[in-house]
Amino acid sequence: MKKLYGIMFLLALALVVSACSSESSGSDGDSDSGESAKEVEIFSWWTGAGEEDGLLALIDLFEEEHPDIAVENAAVAGGAGTNAKAVLATRMQGDDPPSTFQVHGGDELNEGWVAADKMQPLNDFYEENGWMDKFPQELIDLVSKDGNIYSVPVNIHRGNVMFYNMQVFEDNGIEVPTTFDEFFEVADELKAAGIDPLALGDKESWTATQIFENVLLGVLGPDDYKKLFEGEIGFDDERVVEATEKFGKMLDYVNEDHVSRNWQDSGQLVANGDAAMINMGDWAKGYFANDLELETNKDFGYFEFPATDGEFVVITDTFGLPKGIDNPDDVKKFLSVLGSVEGQDAFNPLKGSIPARVDADESNYDQYGKDTMADFQEARLVPSLAHGSAASEGFLTKVNQAVNIFVTQRDVDAFVQALESAAPEM
Ligand code: BGC
């Protein structure tokens, strides 16, 4: 069922978005013309502030190691792949795959491109590189289907993080909230002091979906959160209603102009003290530290999203080998660099994520990175819905639409019903 919906969704997406494809690389026509152009086209949505620094460092490293292979950086702007995924769908359906592309481990990869028979297995490649014990088994599982491995994880992002402006907290005598009740208490205090408690930039609705998934995790706990997305608990469960109500209450504390901001713009509100907190995956750490030059644990602090202490929403960016590309050996060279200790340690300190490998060099990471590595070892790991791991792309698209409507209308029943009717596509 999941597979069928995955394929139907990809086909539909491909038809709808063909107009967008001009943004991606125009090089393919040329490279088909006979001369075996040595070029690797890397497709992602990492453009601009907070997104591209890590990618550029990785590309530099690759070019140093393989000066004979040109790199085409075919990134399409838009947080969480809002536009890139649509462009990719068009290209894949038109048998024009990029050499390699960013894809989240979990359903986005396995029930999307693998189920559609668009990816090459990488088991031998993992063996050749000696990687079978270099990535945590949970991650290998997230990039595997039916015993085959289909991509190489470059990082692990955490989704259930609240970043906050330390000065604002200090000036207002605010303690880090650990429960929903505490969150609402401090939010009231901040609001009374004229500060927006929670920054939101839902120009693209995934940012609000991410808040909702974290509330769900806080209310259901890790086991039942997973059961929900495995279809073992229905969306008619009363705790889903409770989570939706809490989500709505949180939205009472966001900045008024949230619809006109993207995630970076909303992060700026926290950076400059107009807002106190933001729930964002830790790409925001990369943005704060590297682009805004804020200091970790001085200018901004971090804590787990309320009621999710000891839990870790896993988001992993991975790259694989599509079927039908001209130069798989060159692409494998890129994947080897991306999966190496050096590659991961060039990329992740800039990106805000932790390395996917178990043996990367901790000294390259700041306190946030070190804390997150320790938490990853100990925490209960759960997959992210908003970032493609927990459910199919078709289901996620419908949830994003429902969230978008809920943010303005706040109709709990309508929202829960929308989730229920989308559930068969999960
Ligand atoms: C990706 C991150 C990216 C974020 C914002 C997530 O889906 O996994 O790498 O930084 O979206 O674009």
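Note: the structure precedes this text.
Below is a summary of the structure that appears in this document. (Residues numbered from 1 in each chain as written. Predicted model: local features only at pLDDT ≥ 70, side-chain atom pairs only at ≥ 80, totals over all residues. Heavy atoms only, no water.)

### Considerations on the packing of aromatic side chains
Right, on to step 1. Going through the model one piece at a time under the given rule, you end up with 30 aromatic pairs.
Right, on to step 2. Ring geometry for Phe235 and Phe395: centres 5.8 Å apart, planes at 40 degrees, overall tilted. Residue Phe235 is located in the loop between helix H10 (206-229) and helix H11 (238-251), and its partner Phe395 is located in helix H17 (residues 393-409); the two are separated by 160 residues in the primary sequence. The same class applies to Phe235 and to Phe395, which are both buried.
Right, on to step 3. Cluster of aromatic residues (ring-pair linked, three or more members): Phe163, Trp263, Tyr287, Phe288, Phe300, Tyr302 and Tyr368.
Right, on to step 4. The positively charged end of Lys191 is found above the aromatic ring belonging to Tyr253, 5.1 Å away from the centroid.
Right, on to step 5. It is Lys249 that lies over the ring of Phe184; its NZ or CZ is 4.3 Å from the centre. (Phe/Tyr/Trp six-rings, centres within 6.5 Å; stacked < 30°, edge-to-face > 60°. Helix = DSSP H or I, 4+ residues; strand = E, 2+ residues; numbered from the N terminus. Buried < 20%, exposed > 50% of the residue type's maximum accessible area, 1.4 Å probe, protein only. Lys NZ or Arg CZ within 6 Å of the ring centre and 35° of its normal.)

### Digging into the nonpolar core
Right, on to step 1. One finds Tyr126 and Val152 to be the most contacted residues of the largest nonpolar core, which totals 57 residues.
Right, on to step 2. If sequence neighbours within four positions are ignored, Tyr126 has contacts with Trp131, Met132, Phe135, Ile140, Val143, Ile149, Ser151, Val152 and Pro153. (Core = buried A, V, L, I, M, F, W, Y, C linked by side-chain atoms within 4.5 Å. Contact = heavy atoms within 4.5 Å.)

### Some thoughts on the site of the ligand
Right, on to step 1. Within the structure, the ligand sits among 14 residues, and Glu51, Ala80, Asp317, Lys351 and His387 are positioned closest to it.
Right, on to step 2. In the environment of the ligand, an oxygen atom lies 3.3 Å from a nitrogen or oxygen atom belonging to the side chain of Trp45.
Right, on to step 3. Take His387: an N or O atom from its side chain is 2.7 Å from an oxygen atom of the ligand.
Right, on to step 4. Within the complex, the protein chains bury 100% of what would otherwise be the 310 Å² of accessible surface of the ligand.
Right, on to step 5. Taken together, the residues of the shell around the ligand break down into 6 nonpolar, 5 polar and 3 charged. (Near = heavy atom within 4 Å. Polar contact = N/O pair within 3.5 Å; in protein donor to acceptor, adjacent residues only side chain to side chain. Areas by Shrake-Rupley, 256 points an atom, 1.4 Å probe, with all protein chains shown as cover. Nonpolar A, V, L, I, M, F, W, Y, C, P; charged D, E, K, R; others polar.)

### Details of the sheet that holds strand S6 (residues 151-153)
Right, on to step 1. The strand order across the open sheet formed by 5 strands is S2-S1-S3-S13-S6, and the pairing between neighbours is mixed. Bordering the open sheet on either side are strand S2 (70-75) and S6, each of which pairs with just one other strand. In this sheet, adjacent strand axes meet at a mean angle of 30 degrees when their direction is disregarded.
Right, on to step 2. Alignment of strand S3 (residues 100-104) against strand S13 (residues 317-320), held across 3 bridges, turns out to be antiparallel. Residue Gln102 lies in a different strand from S13, and its bridge partner there is Phe319.
Right, on to step 3. Taken strand by strand, helix H4 (residues 84-93) contacts strand S1 (39-44) and S3, and its axis lies near 135 degrees from that of S1. (Pairing = 2+ DSSP bridges. Axes fitted to C-alpha atoms, helices over the stretch in contact; angles between N-to-C directions.)

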